[in-house]
Protein chains: 2
Amino acid sequence: MKVLVIGAAGMVGRRLCERLLADGGLGGRAISALTVFDVVGAGLPQGAVPVKEIAGDIADRATMARLVAPRPDLIFHLAAIVSGEAEADFDKGYRVNLDGTRHLFEEIRAQGEGYCPRVVYTSSIAVFGAPFPDVIGDDYVNAPLTSYGTQKMIGELLLNDYTRKGIFDGVGIRLPTIVVRPGKPNKAASGFFSGIIREPLAGQDAVLPVDDDVRHWVASPDAAVGFLTHAATMDLSGLGPRRCLTMPGLSVTVGEMLESLSRVAGPEVASRVRRVPDETIRGIVAGWPRNFAPDRALAAGFGADASFDDIVRAHIRDSGHAAPGQDQGQPDAAGLADGGRR
Amino acid sequence: MKVLVIGAAGMVGRRLCERLLADGGLGGRAISALTVFDVVGAGLPQGAVPVKEIAGDIADRATMARLVAPRPDLIFHLAAIVSGEAEADFDKGYRVNLDGTRHLFEEIRAQGEGYCPRVVYTSSIAVFGAPFPDVIGDDYVNAPLTSYGTQKMIGELLLNDYTRKGIFDGVGIRLPTIVVRPGKPNKAASGFFSGIIREPLAGQDAVLPVDDDVRHWVASPDAAVGFLTHAATMDLSGLGPRRCLTMPGLSVTVGEMLESLSRVAGPEVASRVRRVPDETIRGIVAGWPRNFAPDRALAAGFGADASFDDIVRAHIRDSGHAAPGQDQGQPDAAGLADGGRR
């Protein structure tokens with residue numbers, strides 16, 4: 001099986017590739033070649049599975065043609081300009097998130113009859129916009145309030161239509177906000193949800209710009225990789241024409257997140273969070289969804305993280321930070337054995 | 001006020017233009033110039049309002065630039081490849097319905113600061129796809145099952161985003177199926193809904209390819225023009241960021257439509273409908289919405305036709321066919337005085 005990962009240098013993309021290379025296969029099929037693409041090289045190791053890295057611009061049609069020409073059996077499309085940047089740079093957001101996606105889909109179509117790869121498209125809960133019901137069901141209208149959400153939703157509509165036409169076998173997964181993101185903050189307005197866990201664990205102060213009772217829908221990086229690999233291997237025939245699913249997350253308040261941090265890493269660590277209200281971020285976050293009933297995804301076998309405590313522990317494990325508190329953040333054996341997909 | 005109508009040669013577009021020219025203004029503002037655009041000339045009469053007709057391809061960016069350069073204050077965008085043709089010609093549908101719409105929006109944006117026209121965009125109930133609840137509310141998910149519906153929904157998303165960004169002041173109206181369409185059938189799969197009224201009234205047999213209990217959501221051509229002019233003049237500030245509304249229609253079964261025909265024009269006319277089931281059309285229509293609760297549109301002042309009997313009478317009036325039955329189809333004075341907007 002030939003696999004193509006578009007957007008391989010991002011946090012989730014890189015983690016997915018590492019998982020594919022570690023496993024050497026997916027759903028019982030060996031991976032014969034992995035091609036990874038992004039604006040920069042992902043720097044993946046060569047091993048049993050040959051890896052080809054290509055750097056370029058997703059909005060360049062010829063580049064997309066080159067990526068699709070070897071007819072990969074499975075294509076993960078994770079490339080995107082994130083919410084903050086797409087809001088600030090209207091042209092760039094549409095060029096990458098809309099035109100880039102459309103070029104990919106059109107190049108698959110240009111391969112012609114007999115080629116029908118599986119396409120796993122990463123969408124986002126940003127396809128929803130306020131006002132919301134308390135719990136957002138699978139039938140609730142997609143009314144995004146950002147250019148990023150608009151572009152992701154257009155990608156979903158295209159994916160459904162191209163799939164319906166038999167051009168590829170598509171599935172879209174709407175990722176919750178990923179917490180805890182490792183490394184530096186990116187340009188997403190949701191960055192503080194990770195910052196208030198990541199920075200204190202690294203011994204640094206973190207700023208919380210919203211109130212403790214702000215509720216949000218989150219999933220761990222490991223859960224995101226689990227969603228992607230499940231989408232790549234599951235039977236899609238039962239989904240019908242609505243191929244894009246809200247992924248199961250945890251609905252937690254900022255206060256509950258900080259309680260988890262205190263419980264897992266100790267109150268001194270949690271005390272490194274400083275409350276500095278920011279009206280702009282408060283306003284943006286007020287338009288975000290808080291809770292979902294992702295029934296279709298659950299029925300299709302997607303699983304959420306078990307608890308926010310587990311998310312904090314997984315970050316401690318991944319980042320190598322020894323927590324100073326009472327719980328040293330050791331994952332249990334089962335957590336390791338299933339590759340963190342919980 | 002300078003007005004631009006894109007898609008002026010279609011049935012609704014032409015009727016809108018005739019109305020604008022007859023009234024010479026809209027919402028209390030005089031129309032100083034009317035520019036009309038389509039693939040063919042609309043053949044509108046010159047009168048008190050100067051009319052400029054331009055024929056061309058909406059997907060040609062330079063043509064769009066030429067249309068927008070005079071900075072019209074009000075733009076009606078009705079141009080579209082209809083459902084049947086967009087399904088048959090994938091490229092043409094996306095080129096006209098998606099690229100053409102995007103070119104228009106981008107050329108408005110290219111005019112820069114200080115230019116913010118009102119844009120009235122015609123969408124369709126084809127943005128909804130089965131399965132449906134019995135009555136579809138304003139919060140129900142848009143999951144189109146055709147390329148046409150997909151393209152219309154993408155246009156809605158773009159309209160919302162460009163409006164949110166202050167590029168123009170947009171409003172989208174999801175038209176019900178328009179019944180009775182005058183003239184020849186077009187390529188829409190919904191054509192029989194008009195045919196079973198129009199053809200018998202013209203003394204011809206008509207084919208009904210679905211069962212009598214098939215329920216659908218319809219509005220008259222006059223109602224469609226009323227939706228457009230109301231959208232052009234209403235206060236949009238109360239709509240919030242969701243700028244696209246399901247227009248109020250009548251939810252009627254085919255059997256009820258034929259009863260109206262019999263009541264208004266006589267049973268001999270209604271007997272000209274022959275039941276010839278067509279499994280393909282049956283299957284297509286089974287995926288169409290049957291009934292809506294268009295609460296937002298009603299609150300915003302959009303009004304539906306009063307009854308299907310009135311729709312039949314209006315068609316008799318417009319087409320000049322004298323009905324042979326007991327009711328000669330004379331509209332009442334009020335119906336004439338308000339330009340048929342009921």
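Here the structure is a predicted model, which means the values were calculated and not measured.

> Looking at this structure, how should I read the overall build of chain A?
Helix and strand counts for chain A come out as 13 helices and 14 strands. Over its C-alpha atoms chain A spans a radius of gyration of 20 Å, differing by no more than 12% from the 20 Å that the globule rule assigns to 342 residues. In terms of overall dimensions, chain A has a C-alpha envelope of 60 × 45 × 35 Å along the principal axes. Taken over 342 residues, chain A has a buried fraction of 51%. Partitioning the intrachain contacts of chain A with sequence separation of at least 6 by distance along the chain shows that 77% fall at a separation of at least 24.

> Help me understand unusual backbone geometry, please; the structure alone is not making it clear to me.
For residues besides glycine, phi is generally negative; the peptide bonds are generally trans as well. Residues and elements named next belong to chain A. The peptide bond linking Ala-130 to Pro-131 adopts the cis configuration, its omega dihedral lying at 0 degrees. By the element assignment, Pro-131 lies in the loop between strand S7 (118-124) and helix H5 (147-164). Phi angles above zero are rare outside glycine, and Arg-71 is one such case at about 55 degrees. Structurally, Arg-71 is set in the loop between helix H2 (61-68) and strand S6 (74-77). Arg-71 gets classed as partly exposed once you count the C-beta atoms within 10 Å, which come to 13.

> Any chance you could explain the relation of the copies chain A and chain B here in plain terms?
For the pair of chain copies, the relating transformation is a rotation about an axis with a translation along it. Superposing chain A onto chain B takes a rotation of 180 degrees plus a shift of 0.0 Å along the axis, which leaves an RMSD of 0.0 Å. In symmetry terms, the pair is related by a two-fold rotation axis. Among all residues of chain A, the one whose C-alpha sits closest to the rotation axis is Val141(A), at a distance of 1.9 Å.

> Where do I start with the interface of chain A and chain B in this structure?
A common way to state how big an interface is: give the accessible area lost once the parts meet. With 17 residues of chain A at the interface, the matching set in chain B holds 17 residues. Looking at the side of chain A that touches chain B element by element, the count peaks at six residues for H5(A). Taken together, the residues that form the side of chain A that touches chain B break down as nine nonpolar, four polar and four charged.

> Looking at this structure, how should I read the sheet that holds strand S11 (residues 215-219) of chain A?
Strand pairing in a sheet takes place through backbone hydrogen bonds and is either antiparallel or parallel in direction. Residue and element names in this part refer to chain A. Here we have three strands laid out as an open sheet, ordered S9-S11-S13, and mixed in their pairing. Each having just a single partner strand, strand S9 (177-178) and strand S13 (250-253) make up the two edges of the open sheet. Of the strand pairs in this sheet, S11 and S13 are connected by four bridges, and their pairing is antiparallel. Counted as the bridge partner of His-216 is Val-252 from S13.

> Explain the pairing of strand S1 (residues 2-6) of chain A here, please?
Looking down a regular strand, the side chains alternate between one sheet face and the other. Residue and element names in this part refer to chain A. Burial analysis of S1 places four of its five residues in the buried class, the great majority of the element. With five bridges connecting them, S1 and strand S4 (residues 33-38) associate as parallel partners. When the bridges of S4 are listed, Val-3 appears paired with Leu-34. Summarising the sheet, S1 and S6 pair through four bridges and their orientation is parallel. By the bridge assignment for S6, Val-3 is matched with Leu-74.

> How should the nonpolar core be read in this particular structure?
General note: in soluble globular proteins, nonpolar side chains tend to be found buried as a group. With 205 residues, the main nonpolar core has Val5(A), Ile6(A), Leu228(A), Val5(B), Ile6(B) and Leu228(B) as its most contacted residues. Setting aside anything within four residues of it in sequence, one finds Ile6(A) in contact with Phe37(A), Ile58(A), Ile75(A), Phe76(A), His77(A), Leu78(A), Ala79(A) and Leu104(A).

> Teacher, can you tell me more about the domain arrangement of chain A here?
Residue and element names in this part refer to chain A. Here chain A is described as being made up of domain 1 (2-176 + 219-246) and domain 2 (191-217 + 250-290 + 305-330). Spacing between the C-alpha centres of domain 1 and domain 2 amounts to 28 Å. Domain 1 puts twelve residues into the contact, and the matching count from domain 2 is eight residues. Residue composition of the side of domain 1 that touches domain 2, grouped by class: nine nonpolar, two polar and one charged.

Each value, and the rule that gives it
- Residues numbered from 1 in each chain as written.
- Chains lettered and ligands numbered in written order.
- Predicted model: local features only at pLDDT ≥ 70, side-chain atom pairs only at ≥ 80, totals over all residues.
- Helix = DSSP H or I, 4+ residues; strand = E, 2+ residues; numbered from the N terminus.
- Rg over C-alpha atoms; globule rule 2.2 N^0.38 Å.
- Buried ≥ 20, exposed ≤ 12 C-beta atoms within 10 Å, placed from the backbone.
- Contact = placed C-beta atoms within 7 Å.
- Least-squares fit on C-alpha atoms with pLDDT ≥ 70 in both.
- Nonpolar A, V, L, I, M, F, W, Y, C, P; charged D, E, K, R; others polar.
- Pairing = 2+ DSSP bridges.
- Core = buried A, V, L, I, M, F, W, Y, C linked by C-beta atoms within 7 Å.
- Domains from an automatic or database assignment.

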